[in-house]
Amino acid sequence: MSDKSSVESIIEKHKAAGKYFNVNGLQCFGLDQGKGEAVFCLHGVPTSSFLYRKIVPSLAKKGYRGVAIDFPGLGLSDRPEDFDYSFASLAKFCAEAAKSLGLEKYHLLIHDIGGPIGFALAAENRDKILSITILNTWVDVVNFKKPWPMRPFEKPVLGEIELATLTYPTWQLMFNKMGVNDSSGIPKNEINAHIDILKREDGGDAYLKIMRSFNDSEEFRSLCYRAVQNVPYPIQAVWGADDPFLTLDHHGKEIKEVAGLSEIHQLSSRHFLQEEKPMEIVDKVEEIIQMSKQMIPR
C-alpha cells in the first residue's frame, strides 16, 4: 500500500468514527462518542478534530461524552470562501455547534487557536461552562506574536508558497521538532494524515484565511480574560512543557497569571501533547470534572 493510500485509509477510519451535522447551513464534522457530562474539545492550527482521535474515545470509556468538532475551513467541515474566519466568528460558530449537538452544559478542552476561540465562547456562554482545561495556547491576544514557522502564512503570496512546501517529509520534520518529544509510537501515516486533512478540497486556502484573521484587539483580549477571571467554574492548565514556540516560561506563565492559577500541570511533550500524552490529559480532565461537580450544582 502506498503512503498516499495508507493515509487515505486512516482518514476514512477517522471519518467513520465521527459524524456530520449542520450548523446554520454549513456541513460540519466532529467526533462524538460516549454518554455523560460532555467535554467539548477545540483544536488549533494546522490541525483538526483528528488531533483528539485518542482523547475522545478515552473520555467515552471513562463515562463521559467526548466531542471534538472541526472548525469551518479545517478538518472535514465545509470551507466556504465567504465565511468570517476570525476568532470571534469561530467562537460564535462553536456556540451554535454546541446547540446543534445538544450540549446544554459542557467542560471545555482547548488548544492553540482553540484557546482564544474557547475563551470567547466561554465568556459569552458562561452559564453553559462547567470547567476549562487549557492546553498550550495564549490569552493575551494583543501582545501575541506568531511563532516563526507560522508567520509566513499570514503574508499574501509568501503564505501560499509556504503552504506548498508543507509535504509529508517537511511536516514530519516539523512534527518531530515542535510537536512531540518522541514520535516512535505514532504511525507515520497518522502523522501525514494531518497534512491531507489540512489541504483537502481547497488546498488549504481557508487555513490561510484563518491565519490572516487573528483577533488582536484590546476588546477581544478583555473578552478572553472574562472567561478565566471571577468565574464560577474551575480552570486548569496542562502544558506540553517542551513546546518550543508556545513556551511554558512565557505563554504558560501568562495563562497562570491571568487566570490566577496556583500551578501549571506539566507533561513531557511539545506542542501536540494530545498525540503523545492523551491519557495524561484525560486523567486531568477527569480530575477537574470531579472538582466541578463540587462547585457547580447539577
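Further up the page is the structure itself.
Residues numbered from 1 in each chain as written. Predicted model: local features only at pLDDT ≥ 70, side-chain atom pairs only at ≥ 80, totals over all residues. Heavy atoms only, no water.

K.L.:
Can you help me understand the environment of Glu124 in this one?
P.N.:
Here Glu124 lies in helix 4 (residues 114–124). With 108 residues separating them along the chain, Glu124 and Ala16 place their C-alpha atoms 33 Å apart. When neighbours within four sequence positions are excluded, Glu124 is seen to be in contact with Lys92 and Leu223. (Helix = DSSP H or I, 4+ residues; strand = E, 2+ residues; numbered from the N terminus. Contact = heavy atoms within 4.5 Å.)

K.L.:
Explain the pattern of salt bridges to me, please; I cannot follow it from the model alone.
P.N.:
This model, assessed by the stated rule, comprises 17 salt bridges. Close ionic contact of Glu286 with Lys62 constitutes a salt bridge, the shortest N to O distance being 3.2 Å. Taken together, the residues span a long stretch of sequence, with Glu286 in helix 12 (residues 278–295) and Lys62 in the loop between helix 2 (55–61) and strand 4 (65–69) at a distance of 224 residues. Residue classification places Glu286 among the partly exposed residues on the basis of a relative accessible area of 23%. Via salt bridges that share partners, Arg53, Lys54, Glu190 and Glu275 belong to a single interconnected network. (Salt bridge = Lys/Arg side-chain N within 4 Å of Asp/Glu carboxyl O. Buried < 20%, exposed > 50% of the residue type's maximum accessible area, 1.4 Å probe, protein only.)

K.L.:
Could you clarify how one ought to interpret empty space enclosed by the protein in this entry?
P.N.:
To find leftover empty space, one rolls a probe the size of a water molecule over the atoms. Scanning the entire structure with this criterion turns up one cavity of 30 Å³ or more. Lining the largest cavity are 14 residues, and of these Val45, Asp112, Pro147, Met150 and His271 lie nearest its centre. Class assignment for the residues of the lining of the largest cavity results in 11 nonpolar, one polar and two charged. (1 Å grid on protein atoms, 1.4 Å probe; cavity = no way out; pocket = protein on both sides within 12 Å on 5 of 7 lines; lining within 4 Å. Points joined across faces, edges and corners; volume = space filled by probe spheres on them. Nonpolar A, V, L, I, M, F, W, Y, C, P; charged D, E, K, R; others polar.)

K.L.:
I keep staring at the packing of aromatic side chains and nothing clicks. Help me out?
P.N.:
Two descriptors summarise a pair of aromatic rings, namely the distance from one centre to the other and the angle between the planes of the rings. In the structure shown here, the tally under the stated rule is 13 aromatic pairs. When the ring of Phe87 is compared with that of Trp138, the centres are 6.3 Å apart and the planes differ by 55°; the resulting orientation is tilted. Within this pair, whereas Phe87 is found in helix 3 (residues 87–100), its partner Trp138 is found in the loop between strand 6 (129–134) and helix 5 (158–164), the two being separated by 51 residues in sequence. Each member of the pair Phe87 and Trp138 is classed as buried. (Phe/Tyr/Trp six-rings, centres within 6.5 Å; stacked < 30°, edge-to-face > 60°.)

K.L.:
Can you help me understand the sheet that holds strand 1 (residues 19–23) in this one?
P.N.:
Paired through backbone hydrogen bonds, the strands of a sheet run either parallel or antiparallel to each other. Overall, mixed pairing links the eight strands, which are arranged 1-2-4-3-5-6-7-8 in an open sheet. Two strands in the sheet have a free side with no partner beyond their single neighbour: strand 1 and strand 8 (265–267). Between one strand axis and the next, the sheet turns by 25° as a mean value, whatever way the strands run. Both strand 5 (residues 106–110) and strand 6 contribute to a ladder of five bridges, which runs parallel. Within strand 6, the residue paired with Tyr106 across the bridge is Ile129. Helix 3 contacts strand 1, strand 2 (26–33), strand 3 (38–42), strand 4 and strand 5 of the sheet and is inclined by roughly 115° relative to strand 1. The strands that helix 10 (residues 248–259) touches are strand 6, strand 7 (235–240) and strand 8; relative to strand 7, the one it contacts most, it runs at about 175°. (Pairing = 2+ DSSP bridges. Axes fitted to C-alpha atoms, helices over the stretch in contact; angles between N-to-C directions.)

Limitation: the analysis is restricted to geometry and does not speak to function.
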